Amino acid sequence: MKFDTWSAFWAMGGYGFYVWLSFGFTLAILLAIVWSTLATKKSLLRGVKQKQQRAERRKAAQKLENTL
């Protein structure tokens, strides 16, 4: 390791604030991307399920109509 102490590691030669701020922003953006992806997936799966249920209801209604 290039740093002698932990405080020197956190300070990063006087640039610690900017280094850790950039890591924080990067982590926040990555978490936002993961959250957005999961929300989109959930929405798409819900839409597919609704479409399948609608198709099953139409098929059942047509079948009932044909038997009359």
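Since we're looking at a predicted model, the values are computed, not measured.

Enquirer: How should the overall build of the protein chain be read in this particular structure?
Expert: What the protein chain contains, in helices and strands, is two helices and zero strands. Per-residue burial for the protein chain yields a buried fraction of 3% across its 68 residues. On the protein chain, roughly 6,700 Å² of surface is accessible, and the fraction owed to carbon and sulfur atoms is 66%.

Enquirer: Just to check I follow, could you spell out the UniProt feature "transmembrane region" (unreviewed entry) in the protein chain for this structure?
Expert: Within this structure's numbering, the places UniProt gives as "transmembrane region" (unreviewed entry) are residues 15-39. In residues 15-39, helix accounts for 96% and strand for 0%; the two terminal C-alpha atoms are 36 Å from one another.

Enquirer: Please explain the packing of aromatic side chains as it appears in this structure.
Expert: How two aromatic rings sit relative to each other is given by the distance of their centres and the angle of their planes. With the rule as written, the count across this model stands at seven aromatic pairs. Ring geometry for Trp10 and Trp20: centres 5.0 Å apart, planes at 45°, overall tilted. Of the two residues, Trp10 sits in helix 1 (residues 6-11) while Trp20 sits in helix 2 (residues 16-67), which places them ten residues apart along the sequence. Take Trp10: its relative accessible area is 49%, and that puts it in the partly exposed class. Judged by relative accessible area, which is 29%, Trp20 ranks as partly exposed. Residues Trp20 and Phe23 carry aromatic rings whose centres are separated by 5.4 Å and whose planes lie at 35° to one another, so their mutual orientation is tilted.

Enquirer: Can you help me understand a nonpolar patch on the surface in this one?
Expert: There is a patch of nonpolar side chains on the surface, built from Tyr15, Phe17, Tyr18, Leu21, Phe25, Ile29, Leu30 and Ile33 and spanning about 930 Å² of accessible area. As for its placement among the helices and strands, Tyr15 is situated in the loop between helix 1 and helix 2.

What counts and how
- Residues numbered from 1 in each chain as written.
- Predicted model: local features only at pLDDT ≥ 70, side-chain atom pairs only at ≥ 80, totals over all residues.
- Heavy atoms only, no water.
- Helix = DSSP H or I, 4+ residues; strand = E, 2+ residues; numbered from the N terminus.
- Buried < 20%, exposed > 50% of the residue type's maximum accessible area, 1.4 Å probe, protein only.
- Areas by Shrake-Rupley, 256 points an atom, 1.4 Å probe, with all protein chains shown as cover.
- UniProt positions renumbered as here; feature names shortened; annotations may be inferred.
- Phe/Tyr/Trp six-rings, centres within 6.5 Å; stacked < 30°, edge-to-face > 60°.
- Patch = residues over 30% accessible without salt bridge, like charges linked within 9 Å, V, L, I, M, F, W, Y side chains within 5 Å.
- Salt bridge = Lys/Arg side-chain N within 4 Å of Asp/Glu carboxyl O.

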